[in-house]
Every structure is written in C-alpha cells, then in structure tokens.
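What follows is each chain in one-letter form.
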Amino acid sequence: MIDSKIIEVNNLIKDYSMGKQFFRALNGVNLSVNTGDFCGLVGPSGSGKTTLLNIIGALDNPTGGDAIVMDKSVNSLNHKEAAKLRNESIGFIFQTYNLLPVYTVFENVEFPLLLLKKNKTEREESVMRALEWVGLTDKANSKPNQLSGGESQRVAVARAMVKIPRIVLADEPTANLDAANSHNILKTMQRLNLELKTTFIFATHDEKVIGYLRRKVMLNDGKVIDDINLS
Amino acid sequence: MIRFLIKGMLRDHHRSLFPIIVVAFGVLLTTIVYSFIDGDMNDLIDSNARFDTGHLKITTRAYDNLASQMPNDLALTGLEKLMQSLNNEYPGYDWTARIKFVGLLDMPDENGETKAQNPVFGLAVDLFSKRSNEKERLNLGKSIVRGKVPEKPGEILISDELAKKMDTDIGHSVTLLSTNSSGAMAVQNFIVCGTVRFGITVMDRGAMITDLSDMQYALDMPNGAGEILGFNKSKFYLPADAEKIRINFNSKFINSDDQFSPIMLTLGDQNGLSEYLQYAYLIGFLIVGIFLLAMSIVLLNTGLMSGIRRYGEVGVRLALGEAKDRIYKSILYESIFIGITGSVIGTALGLAITWYLQEYGIDISETLRNSSIMMPNLIRAKISFTSFYIGFIPGLLATTIGTTFSGIQIFKRQTASLFKELEV
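Parameters at a glance
- Residues numbered from 1 in each chain as written.
- Chains lettered and ligands numbered in written order.
- Predicted model: local features only at pLDDT ≥ 70, side-chain atom pairs only at ≥ 80, totals over all residues.
- Heavy atoms only, no water.
- Salt bridge = Lys/Arg side-chain N within 4 Å of Asp/Glu carboxyl O.
- Helix = DSSP H or I, 4+ residues; strand = E, 2+ residues; numbered from the N terminus.
- Buried < 20%, exposed > 50% of the residue type's maximum accessible area, 1.4 Å probe, protein only.
- Contact = heavy atoms within 4.5 Å.
- Domains from an automatic or database assignment.
- pLDDT = per-residue confidence, 0-100.
- Pairing = 2+ DSSP bridges.
- Axes fitted to C-alpha atoms, helices over the stretch in contact; angles between N-to-C directions.
- Buried area = accessible area lost by both parts, 1.4 Å probe.
- Polar contact = N/O pair within 3.5 Å; in protein donor to acceptor, adjacent residues only side chain to side chain.
- Nonpolar A, V, L, I, M, F, W, Y, C, P; charged D, E, K, R; others polar.
- Parallel < 35°, antiparallel > 145°, perpendicular 65-115°, else oblique.
- Left-handed = near helix turned anticlockwise from the far one by under 90°.

Caption draft 1: Molecular detail of the pattern of salt bridges. All names here are of chain B. Tallied over the full model, the rule gives 35 salt bridges over all chains. Notably, a salt bridge pairs Asp160 with Arg197, separated by 3.4 Å at the nearest N-O pair. Residue Asp160 is found in helix 7 (residues 160-166), and its partner Arg197 is found in the loop between strand 7 (185-196) and helix 8 (201-206); the two are separated by 37 residues along the sequence. Look at Arg197 and you get partly exposed, because its relative accessible area is 48%. A salt bridge links Arg326 to Glu322, with the nearest nitrogen and oxygen atoms 3.8 Å apart. Residue classification places Arg326 among the partly exposed positions, given a relative accessible area of 27%.

Spelled out as structure tokens, the structure:
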C-alpha cells in the first residue's frame, strides 16, 4: 500500500467567474500523493490551497484537467457519487472544529459511522477506539460546549479518523489553537498517519504544522512552485 | 440514524420545542375560533328553528307579508287537513302548528282590580297531544324556574323575568287581552302554573307559553293556526332537503291568486337568516383564513429560521458525505414530526377549551338586552367533526411546506464553499 499513488492531479485548472471575468484559482497543477503521505499544501492566501483541497475532497469540480482520487476521476462523479466517496474514504478536519453542538462527543464521533450504516456494536467499538487515539475517552459524554478548543479539535480528529479513511483533508487545523494544543493535535495526527497509514493532506501556512510535514508542496498563484520531501 | 436525528431534535429546543409551541398555538387558535363560530351559528339556527322559524314553515301568503305583526286574522284555516297532508307527503319532517300572538297580560288583585299589566309576546304550542314533541323541542322541562309545565287547559307558563316584574306567583290568575282572528278584542283568563327562563333574551323579556287549543279558543281560530312548522326528524337543518320540499310544496299553489293559499318557507328564507348566515360564515371563514395564513407565515418563517440556524450543521453533514437528498428528507421528516406533534397538542388543547366553551359558553345577555333576534344568551362553541382537522391539517401542511421551501436551500448549497463557510 505504501508509496502507491492515491491521488493523481493532472494539469488541474479551476476558474471562478466574477461577473463577465473569471479568476483562475488553479493554473495547471500537477501533483501525485502516495498512500501514507503526510503532506502540506503551503502558500500564501489566494495561492489555491483550499481550492485544491476542495477538488481532492470531491467538494468541487475542476474547470480543466483532472483529479484522480482512489482511481476515481472527480470530474466524472455526480453529487451522490461524490458524497459516497467522501463518506467512505475521506475524513475532513476544519479550522473551527464544527462539532454538532446538541450531540455528545461520543455521538459526534459516531455520526460518520451512522452514515456508513455500521451496526451498534461496531460503532461503539470504533468510537471508543477513536476517542482513545485522541485521549478523550473520559469526555465521551460531554457536550462540545464543555470542551476546550484543543479538546474540540481532538474530537474533530477522532470524527475524521473513526471510519479509518484512506485520506484525511485538514484545512488550517491549528489556526485556532495555542502552541501546546497545536503540537498535541499534530503529534496525534502524525501517530495515526504512521499507525494507520492514512494519507494526510493539510492546507496551511502555520509554521508549527510545517514542522511536522514529511512533504511540503509550495503553491503560489495557482501553481505548484516547489515540492519538497522533508522526511 | 433516525434515533440519532430524533435525539438531536429533542435536545435542540429551537428545533423542537419552539416550533411545536408555535404550531400548537396556531392550531389551538384555529380550532377554537372555528368551533366557536360554528357553535354560535348552530345555536342561532337551532334557537330560531325551535322558537320561530322551524326548518320549514307554512303560513298564508298574506300572513307572510305581515309576519312581523303576527296577523292572526290572516292565519291558516283547515289546519287538520293540511297537517294530515303534510304528514303523509313529507314524513321525514315532524309537523306542528303554532300561534304567535301579542297582547297585554293583566294581573288583578284580590278585588279584581288591575294590580300589574305588561305587554307579552305569546307562543301557543301543542302541549297536550301524545304525538307532540313541543315540550322537548322548547326544552320546557329544563327551562322551568318555578312551578311546573302546564298539565291541563287554561294553564300557562310565563317568563320568570315577567313574573318578577308583575309580582306574579304560581297559581295566580292572569288575563290576556289580545285581538282575535276577526279583529275583535279577545279576553281570556289563565292560571300561571310555572315560570321559565329559556336563555334567549327575546323570549325571557316577556314571553307567555300556552297550549295551542287554548289560544285557538281564545282567539277564535277553530281549526286554524298562524303557522305550521316542520322539523327534520334528524334534528338537523338540511338546507338542500328543505329547499327541495319547499319547491315541491309551493309548486302546487303557484298559479293561485288566493292570498290565503299556503306558502312554504325554509329557515333561510325567514328573518333575513340566509343572508345573516352567509355573512356570518363569510366572516367566520375570513377569521379562520386569516389565522391560517398568519400561522402558515409564522411556520414558514420558523422553517426558514431553522434552515439558517442549521446552516453549519448541514454543511458538516455534506462534508462528511451525507447526500443532499438524504439531508433534505431528514429535515422534512423532522418537520412532519413537529407538525404532527404540534397539531396533535394544539388540537387536543383546542378541543378541551372548545369543550369548556361548549358546556359553559360565554354570557352575552347584556349585549342582547334590546335585541329582537332569536339568539341565545350564552354563545357556545361546538365540537364537530371538522373541529378535529380544521387546525390539524393546516398545522401539519404549513410546517411541512415551510420546510419544503426552506430546505431547497440544501440543494443550492455549493459544496465547494464548505471549507470557507465552516471556517466562521
């Protein structure tokens, strides 16, 4: 599995219309990501990091070129197929955690498994295992408003990891965290990457994140300007 | 998954409790308003039918033209034959003759001198025939305040208010001074055997109830009556049925020039009741309609607000791989649950309050003090079959339609914007 290509991006172009004109967010991006990569898309605001993450996550379609994610062309997926791909194989971590406030930590982490129609026993085992990964088994019955920012982001990581996805996409996952919590979260993700061989792709310009990456893809003006192996 | 969503809905009061309260309140108001208007209309129809118009009424053309003056000189004659023919031809109706009259009631003292006098409105009904249902129809038994229902000729009932005004008691002799069918003065003595209160201001101001045969004798109307009333044996006024019989009956006399030939009128034809009922129903439906519209707008708004409030949640669910149609369906199911729960609670509370208003009513006797309309002093709501769904269906539909529209936003949502939207 390791070193096999999980994502292949070829000459990717993404235009956004702005009235009669358009803005080119991605301008011929080529990128290969291997299974188990711990990779960061790094660049200034407007460089195309989130756009690329969107397309890899089947949240958006490219204007030109193609993105092959786990042997599926994102271009050819309809809404349902894209949702299925995200549901089965991709985990998302957001900058602001986005936990569902009325549900407990356990239920938040359980949610992706419900979408996968896992049975109760499987769900309970998986959720407790995921909470164990992030060190929050004692908070299983807490509500998100009873958690600190760091704890909330760890729940978000557990939610992304509970179904053991092939790919995790994280957009600025440490932007709202202090240094200690950021390191804690990054170490957790690094450990899961190594243990579960899950591919992590970050969109970030946070130096703390960059310090943990094994691969840094530099973007500027919608183009890959550098691709550095840091391992 | 369903359990998961229900759990979330129940915990989030903005998603469950608030909309349920809004739906229940709207449904409650609609149920009460409708039932109240319906009950009031029914009471009005019922009171008018029982005391004045019947479901059908037969009188002479001449009498009908001057009906407000109760012109007994223009009354029906050949009563027995006419009654027999009506009973044979229209057996679905209970036919009964009545005489309405006005006069002066005089109460003498022990020396035979006038002690008190008061104008009276009189109603002579068949009290003693075995076939007669008039006692039950006028609810005489339950309306008695003092004394008893007449048991023999010469006994009368007068309204309790009149009795008090004239300082009359049970067993006292009173004299009626009126006009007979020939236009001459009629004088007749009666014994007051009881006082009554009907709960209808017009009747309670100064009514006198006698037996029909007593008044036929007193007003010199042998085998005659001012009017014959027909009551549908189902006890309900059925306008279409009544109209059919009216047309059939009147067609037999259509070519007659005789002012004394009988004419049949339906309840709606009399006292402007038809117009009044149409007007009242129109107002009623307007009120109910405005309630429904307001409720629908509020619920639609609630649905939209909920959609806005849950924008983040929907975004996360989309990002986690839940299909748009599935999210849409789950939100619709939630709204159906809320619609049903709110509507059930609203209908139940509405029916409970309606029942209270049906049993105890609201006293409007003060406002009817000078009224001549045959309207009960207590206006009551009425629980009918419609009461069970008049609020329920709009409550459920408004909630569901509100969510149907607001939920469309889910399909318009661009998944490409999720990262940006969820970073707020």
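Caption draft 2: Region of interest: the side chain of Ser132(B). Tracing the chain through its elements places Ser132(B) in the loop between strand 3 (114-125) and helix 5 (134-137). According to the relative accessible area criterion, Ser132(B) is buried, its value standing at 16%.

Caption draft 3: Structural view of helix 3 (residues 105-115) of chain A. The element helix 3 of chain A is extensively covered by neighbouring structure, given that 11 of its 11 residues are classed as buried. All of the buried residues in helix 3 of chain A are Val105(A), Phe106(A), Glu107(A), Asn108(A), Val109(A), Glu110(A), Phe111(A), Pro112(A), Leu113(A), Leu114(A) and Leu115(A). Where helix 3 of chain A is buried, its residues touch helix 2 (79-89), helix 4 (120-133) and helix 5 (149-161) of chain A together with helix 1 (2-11), helix 12 (311-319) and helix 13 (324-360) of chain B. Taken from the residues just after helix 3 of chain A, Lys117(A) is the one with a positive phi, measuring 60 degrees.

Caption draft 4: Seen up close, the domain arrangement of chain B. Once the domains are mapped, chain B shows domain 1 (2-48 + 275-423) and domain 2 (56-236). Relative to domain 2 of chain B, the C-alpha centre of domain 1 of chain B lies at a distance of 49 Å.

Caption draft 5: Layout of the confidence of the model for chain B. Per-residue confidence for chain B gives a mean pLDDT of 86, with 95% of residues at or over 70. Confidence metrics for the complex model read pTM 0.72 and ipTM 0.84.

Caption draft 6: Up close: the sheet that holds strand 9 (residues 215-220) of chain A. Residue and element names in this part refer to chain A. Strand order in the open sheet formed by 6 strands is 6-7-8-3-9-10, with mixed pairing between adjacent strands. The strands lining the two open edges of the sheet, one partner per strand, are strand 6 (90-93) and strand 10 (223-229). The mean inter-strand angle of the sheet, taken between neighbouring strand axes irrespective of direction, is 15 degrees. Bridge count for strand 3 (residues 38-42) against strand 8 (residues 199-204) is 5 bridges, and the pairing is parallel. Note that in strand 8 the partner of Leu41 across the bridge is Ala203. Of the strands in this sheet, strand 6, strand 7 (167-171) and strand 8 are in contact with helix 5, which crosses strand 6 at around 170 degrees.

Caption draft 7: Geometry of the interface of chain A and chain B. Contacts between chain A and chain B engage 31 residues on the former and 27 residues on the latter. Between chain A and chain B, the buried area comes to about 2800 Å², and carbon and sulfur atoms account for 63% of it. The interface formed by chain A and chain B includes 3 salt bridges. There are 7 residue pairs in polar contact (both at pLDDT 80 or more) connecting chain A and chain B. For the side of chain A that touches chain B, a count of residues per class yields 13 nonpolar, 8 polar and 10 charged.

Caption draft 8: Region of interest: the packing of helix 13 of chain B against helix 14 (residues 392-412) of chain B. Residue and element names in this part refer to chain B. Two elements in contact, helix 13 and helix 14, have axes whose closest approach is 8 Å; the angle formed by their N-to-C orientations is 160 degrees. As far as their axial angle goes, helix 14 and helix 13 are roughly antiparallel. For the crossing formed where helix 13 meets helix 14, the hand is right-handed. Split by residue class, the contact of helix 13 with helix 14 holds 13 nonpolar, 10 polar and 2 charged.

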